[in-house]
Amino acid sequence: GRPQHSKMYCHPNDILPLTLTSATQELFGCRCDEDVTGDNPYKILRKEDIVQDMRMRAAVSDFSPMKQLVLDYPEDELLLVYDRDFIYGSSFYLVLTADAKERHLKPVVALGVEVALEREPSEVFATQKTSEPQPWISLGSEQEIEEESVTDSRPRYRISRVRREFGAPIFFSDRNAMETKDGFIECTPYQDKNFSLKQMERHTGVQTIPNLKSSSTQTQWTYPRSMCTQYEPREFSEEKKENCLQSEKLKNFVNSVASRFEMAIQQNEIMDVFFDDWKALSEEDSGYGRKADPHLKEYQSFTDLHFSKEKTISNINWHPTINGVIAVAVTERLSFEDRINGSTKLLLNPSLILFWSFSDPINPQLLLECPDDVFSFEFCPSDPNIIVGGCMNGQVVLWDISTHVEQLQGTRTNKRENETPVVRYCAVSGIENGHKAPITDIQWLPGTFEVSRMGVPMENKNGICVQIVTCAPDCCVMFWDIRAPRVLQTMADQRKQKVEEKPLENPHGVPNTFKHLDLTWKPLIRLQLVLSTTFCPQDGELVYTDWKLEKDNDSGRLFSAKPSHRFIIHDGQVNTVRRSPFFKDIILTVGGWTFAIWKEGVTNGPIIQSSCSQKKCTVGYWSQSRPAVLFIGKEDGNIDVWDLLEKTHEPSQTQNITATQITCIKPWIVSSKQHLLAVSDHLGTLHILEIPWTLRSPSSNEKLSMSKYFEKEVDRLVYFEKRREMRAKEKKDYEAEELRKKTVRYSI
Amino acid sequence: VTVLIHHCILYKKAEVEETLKRIQGQKGVQGIIIVNAEGIPIKTTLDNSSTVQYAGLIHQLVMKARSTVRDIDPQNDLTFLRVRSKKNEIMIAPDKDYFLIVIQNPSD
């Protein structure tokens, strides 16, 4: 059962609350608020007095309920406490034990520490009195807990039985509540009228909408079928257009809107409002911190004591597909006379092309054997295993290194073979078919291109490079086709036959008297010509012509057209003719002590010509990544780096690479972070240099600036030409005028 | 009198031509197209395929722009539309019966 709420005040066991009537209070001298007060609530009563009072007044005495307790009290005096605040429910309470009395009268100084603080601190520990446990004084807090705690407060039922059945077993049985009437009390549900109120008035908003109807349908799905539609825009006929153009309405319209356009267009011309100056500014500064070292850093250098001793390197080529492999053609460092004198020795010492790999700076990876010194060689662009070379005796040589490719790539396991493999040439042209002078340059025609017998360029259906062009100081330019005549074998078939002497075709390109040529092709081809005329080896003449063959009507012979332009600019041999990789019509020529830049189509002369340098320029090359930079090699081993946007009167920087003449320069882009420059010198050493950031990273709009610069130079040339003409005309007029004056004078 | 009339017609036509030439001569202008209200090109300085493409696409754009302006304020109307892209700017002046489209490359 639920614990009953009672206003019982809990009191400790050793006190007993009691109420004293005023008569008793007077009798014992403990009147409320007179004898005993809140401040002084204690009153000592003598036990004897209490006993006598009880005897005297018996049941009326206030002390009668505790008669036994008083009698049991050990001492003679009891303590009566005035409970002014009714803490225990009555106005007084009687202390029942001696201990409690002691406690009340002399409250324990549980504040022993406080007392000690008044004295010296050193005496704290001596006099500290631990508090003794006091009886629990209930202040009513356990009331709530007791309320919540479950106690067995179920009312107990009393059962009475007749006496004779005492001790007899009891039999309980069940009875269904439904059986008897009033066995249970039911609380039947009923309809509460409160919940069936009808709302008679309601405030609501109404809006009309169009009639909505939802319905669905299913398309008939037979089978999917491809369909297409073709349309054509509507167009007007010419007549109709004319009519419209002449209509009054159009005229009015155009006149009225024209001003808007002009304003808008001029706005755009004045300033580009969408151009982010801030962003554009930052690009220039991005390289500021790294401008530290603009020099070419030596990366690696290759020289072979065995094979390139006493020799020089005539040409360098990076392997187009294998990273870190470079091939050099090693030739004798002898003049013509010495060659003739020492020809026997030369026969024993074969000419070679060495393949170097970055992984091994001491031993070359591969050697290609050549019938004679090779001045120029090239990898086939469509198949880097095919290499063609032009020899000193005018022969054209082909090698196939497909069996040694793995070694070059460094994937072969037994690399350490002590013996560098030698590859013999697999095909060579006949001596009588070739050039009569050393082949100075050789190039592959691109795979999309081929030339017919008549010199007409055609589309090459194969997609692989099949034709080669060679040139030599015998004023010849020859085209070679590596396919077998008449039967178009694939290149692979041909390569399988490692025939010793296989005379190659010379179907066309019949020579003619040329000085030397700059062949105008599609921009895919970069043609390098080396050396100038045979008549004057020192002559630096440049010839520009079309190589198409024409038929001479008289003799039926094929001959090439006359050169369209000839220039003598360089005062020495022209050793380099190169197209810029960024501009299709800009060509660099290097010869003698100067270099010149030409633009195709501008026939007045070079658009830029450098000043004479102190030493001869031996070779030149455009930078692969910066349109304005070119490298010039000198005969004292210096490399001049020209930045045409920085200065054009002298090189931007000069760096000494080696002590002897530089024979070849070839740059190569390994990755965006590494650009290498291969430089070979006259002593046979190959230097690989790293191009610093400043020289390989183009500034913003560099190409645009360069093209503008070239245009400006062209304009300058044109202007000079005009001025020259004008001057000539002026001079003529002046002379005529003078003459006329003279005659007039005489006539007078 | 016939001569005079003839002269007038020529004069009218020349005016349109003249105006167009003046616009075309401005720096950076790549092309001019006159299109009628249905999107059929009437006169152009570009090649046929580009013209037709521009005419078709721009016609739809102008319709949309015009309806946008008029929806916001029915008494307003579109007078000039400039579409600026990375490579160039297309300027369109619409009218009741015609559009004039000019393409300019501002950085040239």
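Here the residue numbering is sequential within each chain, running from 1 through the sequence in written order. Both sets of labels track the order of writing: A upward for chains, 1 upward for ligands. Residue-level local features of this predicted model are given only where pLDDT is at least 70; pairs of side-chain atoms are given and counted only at 80 or more, and the full residue set underlies all totals for whole chains, interfaces and linings. Side-chain numbers here rest on the full set of heavy atoms in the structure, without hydrogens or water.

J.: Provide a residue-level description of the overall build of chain A, including the pertinent values.
T.: Of regular secondary structure, chain A possesses 16 helices and 34 strands. Burial here depends on accessible area, computed with a 1.4 Å probe over protein chains only, as a share of the maximum for the residue type. Under 20% is buried, over 50% is exposed, and the range in between is partly exposed. For chain A, the residues scored as buried account for 41% of the 748 residues in total. Looking at chain A alone, contacts between residues at least 24 apart form 60% of all its contacts between residues at least 6 apart. Of the roughly 47,200 Å² of accessible surface on chain A, a fraction of 53% belongs to carbon and sulfur atoms. The way it works is that DSSP assigns letters per residue, a run of H or I at least four long becomes a helix, a run of E at least two long becomes a strand, and they are numbered from the N terminus. We call two residues in contact when some of their heavy atoms are within 4.5 Å. Only the protein chains shown count as cover for residues, and the accessible areas themselves come from Shrake-Rupley with a 1.4 Å probe.

J.: So what's going on with the overall build of chain B? Residues and values would help.
T.: Across its full length, chain B carries 2 helices and 5 strands. Ordered by position in the sequence, the α and β elements of chain B form the string α-β-β-α-β-β-β. Contacts spanning at least 24 positions in sequence make up 37% of the contacts within chain B whose residues lie at least 6 apart. Total accessible area computed for chain B in this model is approximately 6,200 Å², and 56% of it derives from carbon and sulfur atoms.

J.: Can you tell me about the nonpolar core, naming the residues and giving the values?
T.: The nonpolar core is taken to be a set of buried Ala, Val, Leu, Ile, Met, Phe, Trp, Tyr and Cys residues, with the residues joined through side-chain atoms within 4.5 Å. Within the largest apolar cluster, 24 residues are counted, with the highest numbers of intra-cluster contacts made by Phe261 of chain A together with Ile23 and Leu100 of chain B. Elements supplying a minimum of two residues to this core: α8 (238-246) and α9 (248-270) of chain A together with α1 (2-24), β1 (29-36), β4 (89-94) and β5 (98-104) of chain B. For this core, the element with the most residues is α9 of chain A, which contributes 8 residues. Each residue touching leucine 100 of chain B, except ones within four places of it in the same chain, is listed here: Phe253, Val257 and Phe261 of chain A together with Leu20, Ile23, Ile32, Ile33, Ile34, Met91, Ile92 and Ala93 of chain B.

J.: Explain the confidence of the model for chain A residue by residue, including any values.
T.: Values of pLDDT, the confidence the predictor places in each residue, fall between 0 and 100. Within chain A, residue pLDDT values average 74, and 75% of them lie at 70 or more. For the stretch residues 484-539 of chain A, pLDDT sits under 50, and the model shows 158 contacts to residues farther than four places along the chain or on other chains.

J.: Give a detailed account of helix α2 (residues 47-57) of chain A, specifying residues and quantitative values.
T.: All names here are of chain A. All buried positions along α2 are accounted for by Lys47, Ile50, Val51, Asp53 and Met54. Buried residues of α2, seen end-on, are gathered within an arc of 160° and therefore sit on one face of the element. Exposed residues pointing more than 90 degrees away from the buried face of α2 are listed as Glu48, Arg55 and Met56. Those residues of α2 that are buried lie in contact with α1 (22-28), β2 (42-46), α3 (67-72) and β3 (77-82). Of the residues flanking the end of α2, it is alanine 58, one or two places downstream, whose phi is positive at about 50°. The arc refers to the directions leading from the helix axis to the C-beta atoms.

J.: For the pattern of salt bridges, give the residues involved together with the corresponding values.
T.: Each reported salt bridge corresponds to a side-chain nitrogen of Lys or Arg within 4 Å of a carboxyl oxygen of Asp or Glu. Counted by the stated rule, this structure contains 25 salt bridges over all chains. Residues lysine 43 of chain B and glutamate 17 of chain B are paired through a salt bridge, measuring 3.6 Å at the closest nitrogen-oxygen approach. Within this pair, whereas lysine 43 of chain B is found in strand β2 (residues 41-44), its partner glutamate 17 of chain B is found in helix α1, the two being separated by 26 residues in sequence. Notably, a salt bridge pairs arginine 66 of chain B with aspartate 77 of chain B, separated by 3.6 Å at the nearest N-O pair. Of this pair, arginine 66 of chain B sits in helix α2 (residues 48-72) while aspartate 77 of chain B is found in the loop between α2 and β3 (81-84), placing the two residues 11 residues apart along the sequence. Residue class for arginine 66 of chain B comes out buried when judged on its relative accessible area of 16%. Judged by its relative accessible area of 34%, aspartate 77 of chain B falls in the partly exposed class. One salt-bridge network, held together by shared partners, links Asp272 of chain A together with Arg82, Arg84 and Glu89 of chain B.

J.: Hey, could you go over the confidence of the model for chain B for me, with residue numbers and the actual values?
T.: Residues and elements named next belong to chain B. For chain B, per-residue confidence averages 85 on the pLDDT scale, and residues scoring 70 or more make up 85% of the total. Below pLDDT 50 for its whole length, residues 5-13 participates in 5 contacts with residues either more than four positions away or in separate chains. Per the prediction output, this complex has pTM 0.51; the corresponding ipTM is 0.79.

J.: So, the environment of asparagine 40 of chain A: which residues are in play, and what are the values?
T.: Residue placement: asparagine 40 of chain A occurs in the loop between α1 and β2. According to the relative accessible area criterion, asparagine 40 of chain A is partly exposed, its value standing at 41%.

J.: Before we move on, could you go through the sheet that holds strand β29 (residues 629-634) of chain A and cite the residues and values that matter?
T.: All names here are of chain A. The strand order across the open sheet built from 4 strands is β28-β29-β30-β31, with neighbouring strands paired in antiparallel fashion. Because the sheet does not close on itself, it has two edges, and the strands there are β28 (617-622) and β31 (653-656). Taking each pair of neighbouring strands and ignoring which way they run, the sheet shows an average axis angle of 20°. When DSSP finds at least two bridges between two strands, those strands are taken to pair. Alignment of strand β30 (residues 638-643) against β31, held across 4 bridges, turns out to be antiparallel. Across the sheet, the residue bridging to aspartate 640 is threonine 654, located in β31. Lines fitted to C-alpha atoms define the axes, with helix axes restricted to the stretch in contact, and inter-axis angles between N-to-C directions lie between 0 and 180 degrees.

J.: Can you tell me about the interface of chain B and chain A, naming the residues and giving the values?
T.: A common way to report how large an interface is uses the accessible area buried once the components associate. The interface of chain B with chain A comprises 37 residues on the first partner and 30 residues on the second. Accessible area that two parts lose when put together, evaluated with a 1.4 Å probe and summed over both, is termed the buried area. Taken over both partners, the interface formed by chain B and chain A buries close to 3,300 Å², and the fraction arising from carbon and sulfur atoms is 64%. When the buried area of chain B at its contact with chain A is split by residue, Ile42, Arg84 and Tyr98 of chain B rank highest and sum to 18% of it. At the boundary of chain B and chain A, one finds 4 salt bridges. Measuring nitrogen to oxygen at the nearest pair gives 2.7 Å for the salt bridge that ties arginine 22 of chain B to glutamate 262 of chain A. Side-chain atoms alone can form a polar contact between residues adjacent in sequence; in general such a contact is a pair of N or O atoms within 3.5 Å, and within protein one must be able to donate a hydrogen while the other accepts it. Linking chain B to chain A there are 12 residue pairs in polar contact (both at pLDDT 80 or more). At the level of elements, α1, β1, β2, α2, β3, β4 and β5 of chain B are the ones that each hand at least two residues to the side of chain B that touches chain A. In terms of residue count, the dominant contributor to the side of chain B that touches chain A is α1 of chain B (8 residues). Under the convention adopted here, Pro, Cys and the residues Ala, Val, Leu, Ile, Met, Phe, Trp and Tyr are nonpolar, Asp, Glu, Lys and Arg are charged, and Gly plus all remaining residues are polar. Partitioned by chemical class, the residues of the side of chain B that touches chain A number 19 nonpolar, 6 polar and 12 charged.

J.: Could you give an account of the pairing of β28 of chain A, naming the residues involved and the relevant values?
T.: Residue and element names in this part refer to chain A. Along β28, 6 of the 6 residues are buried, which leaves the element largely enclosed by surrounding structure. Taken together, the 5 bridges between β28 and β29 define a ladder with antiparallel strand orientation. Bridge assignment links valine 619 to a residue of β29, and that residue is glycine 633. Joining the antiparallel neighbours β28 and β29 is a turn of 6 residues.

J.: An account of the sheet that holds strand β33 (residues 674-681) of chain A is requested, with residue identities and associated values reported.
T.: All names here are of chain A. A sheet is described by the order of its strands in space; here 4 strands give the open sequence β5-β34-β33-β32, paired in antiparallel fashion. This sheet does not close on itself; its edge strands, each paired only once, are β5 (297-302) and β32 (662-671). With strand direction ignored, the average angle separating the axes of adjacent strands in the sheet is 25°.

J.: Which residues make up the packing of aromatic side chains, and what are the values?
T.: Given two aromatic rings, their pairing is described by the distance between the two centres and the angle made by the two planes. All names here are of chain A. For Phe, Tyr and Trp, where Trp contributes only its six-membered ring, two rings pair if their centres lie within 6.5 Å, and the inter-plane angle classes them as stacked under 30 degrees, edge-to-face over 60, or tilted in between. A full pass over the atoms with the stated rule returns 13 aromatic pairs over all chains. For the ring pair phenylalanine 302 and phenylalanine 358, a centre distance of 6.0 Å and an interplane angle of 10° mean the geometry is stacked. Of this pair, phenylalanine 302 sits in strand β5 while phenylalanine 358 sits in the loop between β8 (351-357) and β9 (366-370), placing them 56 residues apart in sequence. Each of the two residues, phenylalanine 302 as well as phenylalanine 358, counts as buried. Between the aromatic rings of tryptophan 318 and tryptophan 668, the centroid separation amounts to 5.9 Å while the plane-to-plane angle is 10°, which identifies the pairing as stacked. In this pair, tryptophan 318 is assigned in strand β6 (residues 311-318) and tryptophan 668 in strand β32, connecting sequence segments 350 residues apart.

J.: Explain a nonpolar patch on the surface residue by residue, including any values.
T.: A surface patch of nonpolar side chains, about 480 Å² in accessible area, is lined by Ile270, Met271, Val273 and Phe274 of chain A. Along the chain, the position of phenylalanine 274 of chain A falls in the loop between α9 and α10 (277-285). Exposure above 30% relative accessible area and no salt bridge define the residues that can form patches, which grow by joining like charges within 9 Å and nonpolar side chains of Val, Leu, Ile, Met, Phe, Trp and Tyr within 5 Å.

J.: Describe in detail a negative patch on the surface, supporting the description with residues and values.
T.: Taken together, the side chains of Glu144, Glu146, Glu147 and Glu148 of chain A present a region of like negative charge at the surface. Within the secondary structure, glutamate 144 of chain A sits in helix α7 (residues 142-148). Only four residue types enter the tally: Lys and Arg on the positive side, Asp and Glu on the negative side; His and the chain ends are excluded. Charged side chains are reduced to one point each, which is NZ for Lys, CZ for Arg, CG for Asp and CD for Glu.

J.: Describe the side chain of aspartate 97 of chain B, listing the residues and the values that go with them.
T.: You can see aspartate 97 of chain B is positioned in the loop between β4 and β5. Using a relative accessible area of 19% as the deciding quantity, one classes aspartate 97 of chain B as buried. The contact partners of aspartate 97 of chain B, leaving out residues within four places of it in the chain, are Lys249 of chain A together with Val35, Asn36 and Ala37 of chain B.

J.: Go over α9 of chain A, please, and point to the residues and values.
T.: Take the number of residues in a helix, subtract one, and multiply by 1.5 Å to get its expected span. In a regular helix each residue adds 1.5 Å, so 23 residues correspond to 33 Å; α9 of chain A covers 34 Å between its end C-alpha atoms and thus fits that length. Where α9 of chain A bends most, at valine 257 of chain A, the angle is about 30°. Throughout, bend refers to the angle between the axes fitted to the seven residues that end at a position and the seven residues that start at it.

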